[in-house]
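Now for the letters of each chain:
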Amino acid sequence: MMMWQDWVIMFVQWGFILSLIPTVRDPLAKPPFATCVGTVGGLAVMTFCFATLGMWASVMSLSVMTVLWGVIGYQRYAIDSADRERSGERAEPAPVMRS
């Protein structure tokens, strides 16, 4: 038997999923890469928690949202990499200044 809370959480998450679609489709409007990585990590933890509670509808919608944030993160990474190549930046980190 499914809990009513599972259905409510699932429908709210589908609203969030629909709101992410313009970000996925836009070629340049992406949040920072670190934001994407943090969001994917948090969503993965929530997915695990909901799975342990048997809230399978929420698990499925959270899984979709986690994948979408991963796609957005990949897109941001690709944009940042292309920008670095165009500007001639080196991929190595900057040297650390020691005092």
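Residues numbered from 1 in each chain as written. Predicted model: local features only at pLDDT ≥ 70, side-chain atom pairs only at ≥ 80, totals over all residues. Heavy atoms only, no water.

Examining the overall build of the protein
Line of reasoning, step 1. Of the regular secondary structure elements, the protein holds 3 helices and 0 strands.
Line of reasoning, step 2. Secondary structure of the protein in N-to-C order comes out as α-α-α.
Line of reasoning, step 3. In summary, the protein has a C-alpha radius of gyration of 18 Å against a globular reference of 13 Å for 99 residues, an excess of more than 25%.
Line of reasoning, step 4. Oriented by its inertia axes, the alpha-carbon framework of the protein measures out at about 60 × 35 × 15 Å.
Line of reasoning, step 5. Across the 99 residues in the protein, those meeting the buried criterion constitute 26%.
Line of reasoning, step 6. Residue pairs in contact within the protein that sit at least 24 positions apart in sequence constitute 77% of those at least 6 positions apart.
Line of reasoning, step 7. For the protein, the accessible area works out to roughly 7,100 Å², and carbon and sulfur atoms hold 71% of it.
Line of reasoning, step 8. Across the protein, the 7 positively charged side chains and the 7 negatively charged ones have centroids separated by 3 Å. (Helix = DSSP H or I, 4+ residues; strand = E, 2+ residues; numbered from the N terminus. Rg over C-alpha atoms; globule rule 2.2 N^0.38 Å. Buried < 20%, exposed > 50% of the residue type's maximum accessible area, 1.4 Å probe, protein only. Contact = heavy atoms within 4.5 Å. Areas by Shrake-Rupley, 256 points an atom, 1.4 Å probe, with all protein chains shown as cover. Lys, Arg positive; Asp, Glu negative; His and termini not counted. Charge placed at Lys NZ, Arg CZ, Asp CG, Glu CD.)

A few points about the pattern of salt bridges
Line of reasoning, step 1. Counting across every chain of the model gives 2 salt bridges.
Line of reasoning, step 2. The closest approach of N and O atoms between Asp80 and Arg76, which form a salt bridge, is 3.1 Å. Linking Asp80 with Arg76, this pair stays in helix H3 (residues 56-87), spanning 4 residues, or about one helical turn.
Line of reasoning, step 3. Look at Asp80 and you get partly exposed, because its relative accessible area is 25%.
Line of reasoning, step 4. Ionic pairing is found between Asp83 and Arg86, a salt bridge with its closest N-O pair at 2.5 Å. One end of the pair, Asp83, and the other, Arg86, are both in helix H3, 3 residues apart, so they sit about a helical turn from each other.
Line of reasoning, step 5. Judged by relative accessible area, Asp83 falls into the partly exposed class, the value being 34%. (Salt bridge = Lys/Arg side-chain N within 4 Å of Asp/Glu carboxyl O.)

Structural notes on the packing of aromatic side chains
Line of reasoning, step 1. Under the counting rule described, the total for this entry stands at 2 aromatic pairs.
Line of reasoning, step 2. Both rings, one in Phe33 and one in Tyr77, keep their centres 5.7 Å apart while their planes meet at 50°; by these two values the pair is tilted. Of the two residues, Phe33 sits in helix H2 (residues 33-52) while Tyr77 sits in helix H3, which places them 44 residues apart along the sequence.
Line of reasoning, step 3. Given the relative accessible area of 35%, Phe33 is considered partly exposed.
Line of reasoning, step 4. By relative accessible area, which is 43% here, Tyr77 ends up partly exposed. (Phe/Tyr/Trp six-rings, centres within 6.5 Å; stacked < 30°, edge-to-face > 60°.)

Thoughts on the nonpolar core
Line of reasoning, step 1. Counting 12 residues, the largest nonpolar core is built from Ile17, Leu20, Cys36, Leu43, Phe50, Met55, Val59, Leu62, Met65, Leu68, Trp69 and Ile72.
Line of reasoning, step 2. Elements with a minimum of two residues in this core: helix H1 (4-25), H2 and H3.
Line of reasoning, step 3. Of all the elements, H3 adds the most residues to this core, at 6 residues. (Core = buried A, V, L, I, M, F, W, Y, C linked by side-chain atoms within 4.5 Å.)

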